[in-house]
Each structure stands twice: as structure tokens, then as C-alpha cells.
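Report on the structure
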Amino acid sequence: MRSCASCGGGWPRLPELYGRGALVTGGGRGVGLAVARGLAGAGARVAILARSSEELEQAADETGALPLVADVRDRAAVETALGHAQVELGPLDVLVNNAGTLAAIGPLAEVDPADWWLDVETTLRGALLCTQALLPGMLERGRGAIVNVSSYAGTRPNPYQSGYAAGKAALLSLTESLAAETAGRGVAVFAVSPGYVRTAMTDRLRESGWASKAGAGGEVDPARAGELVVFLASGAGDALSGRFLHALDDWEALARGADKIARDDLYVMRLRKPE
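Residues numbered from 1 in each chain as written. Predicted model: local features only at pLDDT ≥ 70, side-chain atom pairs only at ≥ 80, totals over all residues. Heavy atoms only, no water.

Next up on the list: the pattern of salt bridges. Applying the stated criterion across every chain, the model contains 13 salt bridges. In this structure, the salt-bridge partner of R73 is E121, at a minimum N-O distance of 3.6 Å. Note that R73 is positioned in the loop between β3 (66–69) and α3 (75–89) and E121 in helix α4 (residues 113–141), a separation of 48 residues in sequence. Residues R270 and D265 are paired through a salt bridge, measuring 2.7 Å at the closest nitrogen-oxygen approach. We classify R270 as partly exposed; its relative accessible area is 40%. (Salt bridge = Lys/Arg side-chain N within 4 Å of Asp/Glu carboxyl O. Helix = DSSP H or I, 4+ residues; strand = E, 2+ residues; numbered from the N terminus. Buried < 20%, exposed > 50% of the residue type's maximum accessible area, 1.4 Å probe, protein only.)

This part takes up the sheet that holds strand β6 (residues 187–193). Strand pairing in a sheet is mediated by backbone hydrogen bonds. Such pairs are either parallel or antiparallel. In space, the seven strands of this open sheet follow the order β3-β2-β1-β4-β5-β6-β7, with parallel pairing throughout. Two strands lie at the open edges of the sheet, namely β3 and β7 (244–246), each paired on one side alone. Averaged over all neighbouring strand pairs, the angle between strand axes comes to 25 degrees, with direction disregarded. (Pairing = 2+ DSSP bridges. Axes fitted to C-alpha atoms, helices over the stretch in contact; angles between N-to-C directions.)

Time to look at the nonpolar core. Residues L39, V46, I48, V96, L232 and L240 are the most contacted members of the largest nonpolar core, which totals 40 residues. Here the element with the most residues in this core is helix α8 (residues 222–233); it accounts for seven residues. Not counting the four nearest positions on each side in its chain, V96 is found in contact with L23, V24, T25, V35, L39, V147, V149 and V229. The next biggest cluster of nonpolar side chains, apart from the first, holds 25 residues, and it includes L23, L129, M138 and A179. (Core = buried A, V, L, I, M, F, W, Y, C linked by side-chain atoms within 4.5 Å. Contact = heavy atoms within 4.5 Å.)

This next bit is on the packing of helix α1 (residues 30–41) against helix α2 (residues 53–63). At a closest axis distance of 10 Å, the pairing of α1 and α2 adopts a crossing angle of 25 degrees. In terms of axis orientation, α1 runs roughly parallel to α2. Crossing of α1 over α2 shows right-handed handedness. Each of L33, A36, R37 and A40 in α1 lies in contact with α2, whose residues at this interface are A59, E62 and T63. Residue composition of the contact of α1 with α2, by class: four nonpolar, one polar and two charged. (Parallel < 35°, antiparallel > 145°, perpendicular 65-115°, else oblique. Left-handed = near helix turned anticlockwise from the far one by under 90°. Nonpolar A, V, L, I, M, F, W, Y, C, P; charged D, E, K, R; others polar.)

The structure is reproduced here in C-alpha cells:
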């Protein structure tokens, strides 16, 4: 693991995270890079995984993270990369499933089915394979945090990006189902939305001409997503396992009100019917 060139200044080191292993997929840029900065700054030993080796090397130089080149849809590649990470860093107690694509932009009747499925598969199969690779060890050790980076796009109509939205919606269901499986076993599972962060993906959406029809909303600093993940990875939000949190939420207040949130079935995706 390299030394961190820029992540120590604004991030307090947390005893709950210091020296613990963490993996961030899609960690070479954008939200994933911001999350890697946050975890490294808090003292975690971080690995970042992506398909682009050039972006990974730049991100690794900045954050001190271990770079891993792999396609999250490829089971053998994921298992090899994560095995190497655990040899280098020790057990990985934090998993951030952030990898995603936005290849299918435009009307559903016109987009390439392969692009549409790529958007679903990168988000959902990627999260599945990385989780399957690391969850057994977390359960054996009785500690761990899995953070799935979803989006409000998965909770409401998202025209002209339906593959992306479908993958993010499925990730919300996966989060809640897995949280129910791991309850009481030391592993918390969360879904988070970083908000609308300007990235290469969102720039491509704007350039496509469909962004105004999809409704982008106001921009959020990606560092806020890093802070949210650090909060959850530290264990401070374990009572919110299974819930969907936004980067701009008041997470400490939500954690204090976790019992009421559970009683009222809030921060989850539900079918609403009239009384």
C-alpha cells in the first residue's frame, strides 16, 4: 500500500477504521475516488478496483490505495483481485460497491440491448460478485460493512436511462434483503445515494441531449459521499442497516432515531396503496 499524498489533511483518523481493510469498486474517479480518499484519510488500508489501469494508477498515487484492475462482472477476475488485496492488506472489512456504467442513453425502444444490460449487470452483478467474495470472511470475523452506491434514479421514473435506473433499483432490494440475512451477525449493509455529482458519466449524459428530459437536479460535492461512507464504515450507523441514505441527510440524527425509522418502515422502497 502506498503513502497517501493528499487525503490526510481534512479527515480525522478514526480508531474504528484505522488499519482495517476496505475495497472500493469504481474507485479510479468520481464518487469512488472521493470515497477512497475518505476511507484512506480515516486510516483504513484501501484497495480500489476498476477496469482502467491509467485512472487507477493516478488515484492510487493520490490516495495511497492498492490498485486492482478487474471487470466487476467477471467472477474469476474479481476473486483473483480480491485475493491479492487480502494478501497485501489483510482482511477486507469494508466493501463499497460503487462500480457502474451509463451506456444506454435514450428511448428504451432505440437503445442497444447490450448497452442496456451492461448498465444493469455492472451495478448488480458487480455488487453480487464482490459481496460473495468478501461476505463469508466478514461473517466469520463477526464484523463488516457493505455500502452499495445506489441512486434516487432507482426510486422514481428515470426516462432515457432505464438500464441505469433498473440496476440501481435492484441494488436497493439487494441491500435490504442482505441486511435481513446478516442481522445480528456483525455485518451491516447500507444503500447510499451520493446525490447528483458531476462526473464523466453525467457529462456524457448532458452531451447526449437527454439530460434535461431526465431532470438532473443540483450538484453535490463528491466529498460528502466519502464522509457518509466513513460514517457508516465506522459502525456509527449500524442501527440503520438495510436503509437507503442520502449524502445530504443528517446521518447522526437518523442513527439516533433508528428505532422510530424501523417502526415506521422509513428509508426503504415500498409499494404504497390507499388505506
